[in-house]
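Structural features, examined
This is what each chain is made of:
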Amino acid sequence: MPGTNLKNIGVKYRPIKSKLKSHRKVLEPERVIRWSFMKALREGYEKFFYPEINPYVEAYKVRDNIWALFEESMDGAGDLWMYLIEGPEKVMIIDTGFGVGDLKGLIKKLVSDPEKEIICVNTHNHYDHAYGNAQFGKCYCAIPELYLMRTKNNSHVWDYLFDENGQPIWTDFDKNDIIEFKEWQPIGVENGHLFDLGKGYLIEAVYMTGHTPGQCAYYDHMSHDIFVGDCNSCGQPRIEGENFVENYTVQAKRDQLRLFKPRFDEVNGVFPGHGMIDQPNKALHYLLDACEWVCQHPDWVEKKEVRLGPDGKEHVVYAKYIQEGSTLRFNPDYVYYDDSKRDEVLGLNLNPDDYNK
């Protein structure tokens, strides 16, 4: 857990060779499958690395026009992936990491034309996915994520990374490399919203809530790849006044996956926010299977744990194994929602004009 030096409690950790400027201080538990994949990729495959522009990001070209951008975790919660798609006239960055290092400059270096407009979208509001938003002026997310996204639009979002002496707690990095904070505009989009990167190159927003109320995937209509963020878990409200609380439920995730299920088999690759990338479309089938199981048998799970959450309180977490994957984590109090709110939960009757004010 964040703040615990895992070297002192017997947790195995085998480092991966890296030229990144960041260096771990607190080690995370090793997940054997994830570690072996990341070691083979990061030590054995060609990467684009421009330390003179951004020494915190490794770029892997996964398609002719798509890059997977790796950044080491700054808060002990898991190394992360961002994704860059270059279209004929515009480019899209999916998630912005911790906001350490010049992400915008790196994007301009990677794409064929540095003058192309950059469209910034977020899968969700969490630290490791949205703290670089200040580099882009305006950023798009699902409508149900707007409330939490707006809370991150302030200059103190990085404070939690440092101790009382101003030193990084989890990962060493140069504090001067944090980007200059500038207010940015969160813009909510409806389920199914289409972004055009030029000449009909379309990217579709696909709601996959649960991890947060507005967790959102982005589906590339040209490559048939889907970028799913953190879709393998469900949570619970953490901030007073949150809306769309039904979206934290396993049932909400299940129903949204059911909506997308007729298109599962056309998906070429599944790219999550953490761990193994370019997974086969079976990953979506297996995730839906796990959600179906939990909705039918919420107590028939492999793990039941009590965890300390970011709010400092203990929370019950259940875990159901996902075939050929990790686990579906959820709070047992957030399995089902009121069926009368189905259209709202699925984003079928949300008008952006009502929320972007």
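Counting restarts for each chain: residues are numbered from 1 in the order of the written sequence. Per-residue local features are limited, in this predicted model, to residues with pLDDT of at least 70; the limit for side-chain atom pairs, both in listing and counting, is 80 or more; totals at the level of whole chains, interfaces and linings are taken over all residues. Where side-chain values are given, they derive from all heavy atoms of the structure, hydrogens and water being excluded.

Tracing the backbone shows N65 in the loop between strand 2 (57–63) and strand 3 (66–71). Polar side-chain contacts of N65 include one of 2.9 Å to the side chain of Y201. We count a stretch as a helix when DSSP gives it H or I for four or more residues in a row; a strand needs E for two or more, and each element gets its number in order from the N terminus. Polar contact is the term for a pair of N or O atoms within 3.5 Å; when the atoms are in protein, one must be able to donate a hydrogen and the other to accept it, and sequence-neighboring residues count only if both atoms are side-chain atoms.

Right, let's talk about the packing of aromatic side chains for a bit. Two rings from Phe, Tyr or Trp (for Trp, the six-membered ring) form a pair when their centres are within 6.5 Å of each other. A pair whose planes differ by under 30 degrees is stacked, one over 60 is edge-to-face, and the rest are tilted. If you walk through the whole model with that rule in mind, you get 17 aromatic pairs. Look at Y83 and F271: their rings are 5.5 Å apart centre to centre, the planes differ by 75°, and that puts the pair in the edge-to-face class. Of this pair, Y83 sits in strand 4 (residues 80–86) while F271 sits in strand 14 (residues 269–272), and the two are 188 residues apart along the sequence. Between F244 and Y355, the ring centres sit 6.0 Å apart and the planes meet at 45°, which makes this aromatic pair tilted. Here the residue F244 occupies a position in the loop between strand 13 (225–229) and helix 5 (250–260), and Y355 occupies one in helix 8 (residues 352–355), the gap between them amounting to 111 residues. Look at F244 and you get buried, because its relative accessible area is 7%. An aromatic cluster of three or more residues is present, and its members are Y127, Y131, Y160 and W170. Its guanidinium or amino end placed over the ring of Y127, K152 lies 5.1 Å from that ring's centre, counting from NZ or CZ. Working definition: with a 1.4 Å probe on protein chains only, accessible area under 20% of the residue-type maximum means buried, over 50% means exposed, and in between means partly exposed. By definition here, charges over rings are those cases where NZ of Lys or CZ of Arg is within 6 Å of the ring centre and within 35 degrees of the ring normal.

The next thing to look at is the nonpolar core. What makes a nonpolar core is a set of buried Ala, Val, Leu, Ile, Met, Phe, Trp, Tyr and Cys residues whose side-chain atoms join them at distances within 4.5 Å. If you look at the biggest cluster of nonpolar residues, it comprises 38 residues, and the most contacted ones within it are L69, L84, I93, I107, F136 and F173. Listing elements by their share of this core, those giving two or more residues are strand 2, strand 3, strand 4, strand 5 (90–94), helix 2 (103–110), strand 6 (117–121), strand 7 (138–142) and helix 4 (146–151). Contacts are residue-level and defined by heavy atoms, with any inter-residue pair within 4.5 Å sufficient. When neighbours within four sequence positions are excluded, L84 is seen to be in contact with N65, I66, W67, L69, V91, M92, I93, I107, L110 and V111.

If you check helix 6 (residues 282–296), its first and last C-alpha atoms are 21 Å apart, about what 15 residues at 1.5 Å a residue would give, namely 21 Å. Among the residues of helix 6, L284, Y286, L287, L288, A290, C291, E292, V294 and C295 are the ones counted as buried. Looking at the buried side of helix 6, the elements it contacts are strand 13, helix 5, strand 14, strand 16 (314–321) and strand 17 (327–330). Working rule for helices: expected span equals 1.5 Å times residues minus one.

Let us look at unusual backbone geometry. The backbone phi angle of D95 is positive, close to 75°, even though this residue is not glycine. For K199, which is not glycine, the phi dihedral falls at a positive 55°. Summarising the element assignment, K199 is placed in the loop between strand 10 (194–196) and strand 11 (202–207).

A word on the pairing of strand 14. On strand 14, burial covers both faces: G269 and F271 on one face and V270 and P272 on the other are all buried. As paired strands, strand 13 and strand 14 are joined by 4 bridges and run parallel to one another. Note on strand 14: the bridge partner recorded for D225 is G269. If the strands point away from the viewer and the path from the first strand over the helix to the second runs clockwise, then the crossover is right-handed. Since strand 13 and strand 14 lie parallel, the crossover through helix 5 that links them has a hand, and here it is right-handed. Strand pairing is assigned whenever DSSP detects at least two bridges linking the two strands.

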